[in-house]
Amino acid sequence: MTRRLILHIGAHRTATTSLQACLNANSGALAKRGVLYPYKARRHLKLFNALFSGDRQVSAVAQELAEMADRSRQPIDTLILSDEDICTRRDLSVLGAFRDHFDVEIVYTLRRQDLWLESWYFQNVKWQWQKPLSHCTFPEFMAERGRFHWIDYDRFLGKLERIFGPEAIRPQVYEKGQMPEGPVTAFFRLTGIDPEGLKPPSHMNPSFTPKTTEFMRQLPLDEAETGYRNVLTRLCAHVNNVSKQEGKPSTLLLDPEERARLMESFAPGNAAVAERYFDRETLFFDPLPPADAPLADLALPADSASLIEGYVGPFLRFGLKHSDDTLAGPEHASPELSARIARFHPEPAADLPSDSATLMREEVAPMVSEMIRNAHEKRLVRTSSGKTAAKATVLQSLILPVAGLPDAPGLCLRPLPGAAAPVPSGGGLDFGPGAGAAFDSWMNLFNADTWARVAPLNQLQLTLEGQGEVEVALFATPADGPAIRCLTQACDLSEGPCRLPCPDPAKAPGTLWFEIRTGDTAARLDAARWETADAPRRTPDLALCITTYRREAETEATLARLAESFGDEPRVQVIVTDNGGTLPPREGPRLSLRHSPNLGGSGGFARGLLEARARGASHALFMDDDAVFHPEALRRTLALLAYAEADETAVSGAMIDAARPAVLWENGARFHLTCRAIGMGTDLADPEEARELEARAARPDPAQVYSGWWFFAFPLAAVIHLPFPFFVRGDDVSFSLANDFRRVTLPGVAAFQENFTDKESPLTWYLDLRSHLAHHLSLPRLAVSRLALARVIASFAMRCGLRMHYDSLAALSLALDDVLAGPEAVAAQGDLSERRARIAALTGTETWGAAPSPPRPDRIRLDPHSWPMRALSKLTLNGHLLPGFALIGNRITIEADDRGWLRAAWGAAEITYLSRDRGRAYTVRHSKARAWREGLRLAGRTLTLLRRYPALVADWRAAYPRLTSEAFWTDRLGLK
């Protein structure tokens, strides 16, 4: 069978960016439908540039595509390549060779020429990639319209017909009436691909307002290289957001007579296309704008004061806020640039021209030119060899013990055998004579394999700063082999930074680390960092979203730590949602603290997400109010997000039990019927275990892996579904799996906090079962059979009932009541006050009280560790089928760490559970009557669920998009 190849070739300004983002984001779902969108790229610009330049041959690309399709786990019958620049090329014949390998279809979208030209003008000024068109007025632009040969649709489609054959050409018309479901769905309908269940696209690459466009037209952005030009465009986007006019401004640029003449010139060709492809007389149905339709207002304010207030001021303030990117702040700017900026900031100079045209020409444009020259110079540094190289960017710095943060021996570094340990001092390390340390525990490994997979680098180096002479050894541990010594080098840190080249990062050398030794003299290490000369792919603007409820001390402590470490970081802002209303509201450029109704974590984080969007953040980081992490964890997160290849990349922090800071609680978890923690119990101070953990982390995640909200950083643009209104428990699972994030973990990126052991209660069991069932009912990727769902309920029941937690067993029935009532009923519970009251009322024995003093001695009659006793316990449901068991069973005490361990409960008829601090306890006792009463009640509800299973699946799946929409949360939170 010959596979089908769809070439989507444009044109620009027809939702091409949204379509490509949708295809890329849904690549996994499309593969299940037999459709491959290859190369993990949004658009295939580089591929087609290589084909047209001759650097690559169609035959080789065709073979590569066929191999990708053959390797797919799903049978592939259709491949899609997309790039709108294809249509701009005069000679497309090179692509005709694809017909030797595939059944080729060409998809080309036709937008009415007058509207297309107006939109294309705005885009050329916005991006300034074509110098001749970057600064021209619209009349000058129209004089150049002959260069846009691809909007003469009759001639352009005729050229495609001669290359691919008429039967291969699939045009579609970009009009709302002809694309009632939108242009992206129209593409899927045209190509016969089922769009149902795909994540919908967002509106991408919109044009700026006419006034912002005119402001940009007069700026020399085309003088900058692409990366810095994008930085300046981002400043203009900020200007566009803060200077928007009331209502939607007109974007019409052609006067009625000119528009009519233009469309008359295209009329014969459009009619020919309409007849040839659509069997009708008219290609476009929408009428021309009425004669009295207002034209776009491209005029900037006439006076300088208004121009500075509305445009130049916001441009500069945002640029100075993001000085690490613009290099315009006092720490980076040249004297010439500083002098130019001082003419406007903090106050405009008195001798500035009074009219805006002169101001733009003589002051603003030269200032932007100076910004570009300054950035070009500052981004270049001299290497020791005298060659010019790009300024290095820090990817990861050393984590050392910090006062107030959990620590354990070996967690950050370990002394080398036979050597004295260095002494932490003043943020660095003092090495005495004969001292040595290895930085190979989890906190300070550099996972080069993860970077190679997620954010490929061309260059990597280790840079050390300090004083004195040291010997440095650099090591790498490949994923499939023993450690390798890459180099050993003597460095005199007193002479300046010591830069050690690392193994080629593109070849995935494994995990990297280093050792330092001193000889007969002392030395000091002030800094050690992994750096690259590669330019970042983006500049994240990260909003830290914290949800709190009447935890004033913990929240204030967290805010104080963040202010100390990131108070001057322009890329980081903090958004606190106070569900309890007990903290004073605050509002500033990098801090927002607002009261919100108590809708739990799901409501608080939904509010934070909406606020992050409104404040212009590109990424959000969800974190608990009591989460403690090293400041370096956040810096590593920002670095990875800046360099990640995929826009959907998200960083998932590990969780470490604050009481046992060298032991991993989880590095994410997999959800399938139950939650299975990744890496639980790993000794993070053990180099071998740490490297094994990172070798697993470097591989792509298995299916259904989610991230906890104690530390989860993600791109806002990738969020299709906001949190489901669970209140708490399960909202992070649902959020992770409903949105197509590309999850990454990094060494040292972790939150220290209290583990879940002491938090277990009838309420948490109720919440957990409710969310488990809801996930499987509402998310297609978690679909299971009704019997599998019954096993989930049985597992929860056994873990409660066999340990005599009958209060929790009763709470499970309430969870099934909620699920059976449907998603709307769950969402309507709001603050969960009614359910919390009911569960509190049924909770009798599972309530913490003072631990008995002295503790009661254990009474062991049945050996829970013997195989026959364990077998008997399982057969009799831990004595619940055995008469008189309450009299003969063991009486035991279980420590906090063993609370969830079922084996410890075998053979017990009375168990006292201790809290972690041993100051609190509760006791449960064997009761057949209670076990059977609650067990039968739960069984009845389970049978009802099995009987109604298809209808429940339909209800939950249908409601999920609405209950996770921005409109739902805006209404529920009472926001405008």
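Keep in mind that what you see is a predicted model, and the values were worked out from it rather than measured. (Residues numbered from 1 in each chain as written. Predicted model: local features only at pLDDT ≥ 70, side-chain atom pairs only at ≥ 80, totals over all residues. Heavy atoms only, no water.)

Caption draft 1: Representation of the confidence of the model for the protein chain. Chain-level statistics for the protein chain give a pLDDT mean of 91 and a share of 97% at 70 or above. Confidence drops under a pLDDT of 50 for residues 380–390, and excluding neighbours within four residues, the segment shows 15 contacts in the predicted structure. (pLDDT = per-residue confidence, 0-100. Contact = heavy atoms within 4.5 Å.)

Caption draft 2: Quick look at the state of the cysteines. If you walk through the whole model with that rule in mind, you get 1 disulfide. The disulfide partner of Cys-491 is Cys-498, and the S-S distance across this bridge is 2.2 Å. Of the two residues, Cys-491 and Cys-498, both sit in the buried class. (Disulfide = S-S within 2.5 Å. Buried < 20%, exposed > 50% of the residue type's maximum accessible area, 1.4 Å probe, protein only.)

Caption draft 3: Focus on the UniProt feature "domain: Galactofuranosyltransferase GlfT2 N-terminal" (unreviewed entry) in the protein chain. Following the UniProt record, one finds the feature "domain: Galactofuranosyltransferase GlfT2 N-terminal" (unreviewed entry) at residues 432–532. Between the C-alpha atoms that bound residues 432–532 there is a distance of 31 Å. The span itself is 7% helix and 50% strand. (UniProt positions renumbered as here; feature names shortened; annotations may be inferred. Helix = DSSP H or I, 4+ residues; strand = E, 2+ residues; numbered from the N terminus.)

Caption draft 4: Examining the pattern of salt bridges more closely. Across all of its chains, the model carries 56 salt bridges by this definition. Between Asp-647 and Arg-538 there is a salt bridge, with its nearest N and O atoms 2.9 Å apart. Here Asp-647 is found in the loop between α20 (631–643) and β25 (649–652), whereas its partner Arg-538 is found in the loop between β19 (523–532) and β20 (542–548), with 109 residues between them in sequence. Overall, the relative accessible area of 44% leaves Asp-647 in the partly exposed class. Within the structure, one salt-bridge network assembled from shared partners comprises Asp-807, Arg-930, Arg-933, Glu-934 and Arg-937. (Salt bridge = Lys/Arg side-chain N within 4 Å of Asp/Glu carboxyl O.)

Caption draft 5: Layout of the UniProt feature "domain: Glycosyltransferase 2-like" (unreviewed entry) in the protein chain. If you check UniProt for "domain: Glycosyltransferase 2-like" (unreviewed entry), the listed places come out as residues 545–647 in our numbering. Secondary structure within residues 545–647 divides into 42% helix and 23% strand; the distance between the first and last C-alpha atoms comes to 20 Å.

Caption draft 6: Structural view of the packing of helix α25 (residues 806–821) against helix α27 (residues 833–842). For the pair α25 and α27, interaxial distance at closest approach is 9 Å and the crossing angle is 155°. Compared by their axis directions, α25 and α27 come out roughly antiparallel. Crossing angle aside, the handedness with which α25 passes α27 is right-handed. In contact with Asp-807, Ala-810, Ala-811, Leu-814, Asp-817 and Asp-818 of α25, α27 contributes Arg-835, Arg-838, Ile-839 and Leu-842. (Axes fitted to C-alpha atoms, helices over the stretch in contact; angles between N-to-C directions. Parallel < 35°, antiparallel > 145°, perpendicular 65-115°, else oblique. Left-handed = near helix turned anticlockwise from the far one by under 90°.)

Caption draft 7: Layout of the pairing of strand β1 (residues 4–8). For β1, the buried fraction is high: 5 of the 5 residues fall into the buried class. What you see with β1 is no split at all: Arg-4, Ile-6 and His-8 on one side and Leu-5 and Leu-7 on the other are buried throughout. The pairing of β1 with strand β4 (residues 103–110) spans 5 bridges and is parallel. If you follow Leu-5 over to β4, its bridge partner there is Val-104. Where β1 lies against strand β3 (residues 78–82), 5 bridges are found, and the strand directions are parallel. Looking at the pairing, Ile-6 lines up with Ile-80 of β3. (Pairing = 2+ DSSP bridges.)

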